[in-house]
Amino acid sequence: MHEFNVAVRDLADFCHRSGDIDHRYGPSPTGAQGVEGHQRLYRRRPDSYQAEYAVECVHCAGPVQLTLRGRADGFDPEQGLVEEIKTCRVPAASIPAAVSRLHLAQGRLYAALIARAERRDALTVRLTWFNIDSGEEHALEQHYSRAELDDFLNATLARFADWLRLLAARREQRQRSLADLDVPYGAFRAGQRDMAELVYKCIDQGGQLMLEAPTGIGKTAAVLYPALKALATGKHERILFLTAKTVGRRAAEDALQAFRKNGMSLPALSLTAAERICFSPGKACNGDDCPFARGYYDRHIVAMRQALQAPALQREDIEVLAREHQVCPYQLSIDLLPWMDLVIADLHYLYSLTATFPAMMERDGQRWTALVDEAHNLPGRARSMYAARLAKRDLMAVKRTLPRRLKSSLERLNRYLLKLQKESWREVGFDTREGCPDELLSLLQAFTAAVGEQHATDPVLLARLPGLGEFYFRALQFLRVADRWGDEFRLELSSDGTPQGLELTLNCLDPGRLLGERQAGLHSVTAFSA
């Protein structure tokens, strides 16, 4: 029996997503604002309303057992209502129908599982778009009988069955190959056996390990080998190989290739940054502007099936597949992530404030192991990921190019910066503060909201005005860092004495707390370095 754990959201994405990639209609700019938006809605709901309602279902089909898990945003047993909440910063009427259909499908899956568990004859599914700036709700409601919900769940599982069979076949092939996998390059080098034993014990016990070994010993192969063998013995389900440099990625890819020559068969993906793998640089990520985004979700499943059967999925392999099927290579990589046993990625994908993996770990309930290469780079890299900078000079340069509505939001921000320049500082040209002013954050939120709304109606806005795009993303990072504020942060003000010379910098003096939060969902961590 092959057992798989799948999140309801991943099932909905796989089976019910269609149409174009469109990044204009995403949720709120920061995770904390999205959470706060949900909390604001919860406070409006009656006492009978149950937020974050957990659901689970076990489905068996031949030799495959699927455990489906998730949390409905809300369930009200008195009203017979299941609610799916999405936050936004654009008018709900402007959101494409395909996007709403996907989220309604997710809500219907939650409702089907709740109807089975609670033995409800019927339920209403509500999709609520909540604008975090205006506080307005826009709801779409559909009523379903128990039989209709069962039919929808069964049809979804039937659609997913072929993919599950492919996953099961790959799992069986993987297990046979790993059981017989020989040590790296035929024999352990001096010191490698000790490292491999420590890594295996760390995974077995779900712990944390720091390894230091000299250059040339073969650290990459020595940590990958026990992690792979632990997959075969059921000690964990997923492996992340994280690196800060291209040379680390290549070392991991070379080690995996050596294992393949020894008979290993395992789905492994090298994740490449969007800006490096994009086929349409300078174009907006939507179907109106990019041919690889247009109709992506109508073609990507075929590409994913082919990818799952590939011996390796390095950058070049993903590009070949994406061109063959005319799909976005970066989005194809992201959509493959839930189904990969091993992923090679930059540190950013686990540790940054916009990291991909923490949310995946929370959803899928599997045991993830992180192997962190050249770990001495992590503290410095983390301080840069948890920092933000805004320059008045950049603001003024951008303001001259903007339409009136966007310009007014920057004028208000500029007036506040002028006020900061006139305040008393610790010394000439420099000041530091332990808090981040609420007025500054409110002005940045107003600016990013205005840009987001304008971008929804003008998809090439940021591509046409690259200076605006750069300042917009810096403002978003500033807000993200402020959302994670703690005693280890400082706001630094500096000026070269000229009228436009003011710079604001948020610095993280000690990234330990945030690194710990990002690692909290991991089963085990091995950090290694010379």
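Refer to the structure printed above.
These notes cover the structure that comes with them. (Residues numbered from 1 in each chain as written. Predicted model: local features only at pLDDT ≥ 70, side-chain atom pairs only at ≥ 80, totals over all residues. Heavy atoms only, no water.)

Glycine aside, negative phi is the norm for most residues, and most peptide bonds take the trans geometry. The residue Q326 is not glycine, and still its phi comes out positive at about 55°. Topologically, Q326 is positioned in the loop between α10 (315-325) and α11 (329-336). Using a relative accessible area of 38% as the deciding quantity, one classes Q326 as partly exposed. (Helix = DSSP H or I, 4+ residues; strand = E, 2+ residues; numbered from the N terminus. Buried < 20%, exposed > 50% of the residue type's maximum accessible area, 1.4 Å probe, protein only.)

Moving on, we get to the environment of M210. Secondary-structure assignment places M210 in strand β7 (residues 208-212). Taking the C-alpha atoms as reference points, M210 and L198, 12 residues apart in sequence, are found 9.7 Å from one another.

This part takes up the packing of aromatic side chains. Under the criterion given, the structure shown has 16 aromatic pairs. When the centroid spacing of 5.0 Å and the interplanar angle of 40° are considered together, the rings of F14 and W163 count as tilted. In this pair, F14 sits in helix α1 (residues 8-16) while W163 sits in helix α4 (residues 146-179), placing the two residues 149 residues apart along the sequence. Ring geometry for W163 and W339: centres 5.9 Å apart, planes at 80°, overall edge-to-face. With W163 in helix α4 and W339 in the loop between α11 and β10 (342-346), this residue pair connects regions lying 176 residues apart in the sequence. For the pair shown, W163 and W339 are each scored as buried. Each member of the aromatic cluster is reached from another via a ring pair, and the members are F14, F160, W163 and W339. Directly above the ring of W368 sits R238, whose terminal nitrogen or CZ lies 4.1 Å from the centroid. (Phe/Tyr/Trp six-rings, centres within 6.5 Å; stacked < 30°, edge-to-face > 60°. Lys NZ or Arg CZ within 6 Å of the ring centre and 35° of its normal.)

With that settled, consider helix α16 (residues 404-422). An ideal rise of 1.5 Å per residue puts 27 Å on 19 residues; α16 measures up with 27 Å between its terminal C-alpha atoms. Taken residue by residue, α16 has L406, S409, L410, L413, N414, Y416, L417 and L420 as its buried positions. Within α16, the buried residues cover an arc of 160° as seen down the axis, which keeps them to one side. Facing away from the buried surface of α16 by more than 90 degrees, the exposed residues are R404, R415 and K422. (Expected span 1.5 Å × (residues − 1). Arc of directions from axis to C-beta.)

Here we take up the environment of D298. Assignment of secondary structure puts D298 in helix α9 (residues 296-308). For D298, a relative accessible area of 56% gives the class exposed. The sequence separation of D298 and E434 amounts to 136 residues, and the corresponding C-alpha distance is 50 Å. Not counting the four nearest positions on each side in its chain, D298 is found in contact with S18 and G19. (Contact = heavy atoms within 4.5 Å.)

Let us look at helix α13 (residues 357-364). Within the span of α13, buried status applies to F357, M360, M361 and D364. One side of α13 carries all its buried residues, which in axial view fall inside an arc of 100°. For α13, the secondary structure elements touched by its buried residues are β1 (2-7), β3 (64-76), β8 (238-243), β10, α12 (348-351) and β11 (368-372).

Looking now at the packing of α1 against α4. Packing of α1 against α4 leaves a shortest axis separation of 10 Å and a crossing angle of 80°. Judged on the interaxial angle alone, α4 and α1 are roughly perpendicular. Here L11, F14, C15 and H16 of α1 come into contact with α4, specifically with F152, T156, L157, R159, F160 and W163. Looking at the contact of α1 with α4 residue by residue, the class counts come to seven nonpolar, two polar and one charged. (Axes fitted to C-alpha atoms, helices over the stretch in contact; angles between N-to-C directions. Parallel < 35°, antiparallel > 145°, perpendicular 65-115°, else oblique. Nonpolar A, V, L, I, M, F, W, Y, C, P; charged D, E, K, R; others polar.)

The quantities given are spatial measurements derived from coordinates; they are silent on function.
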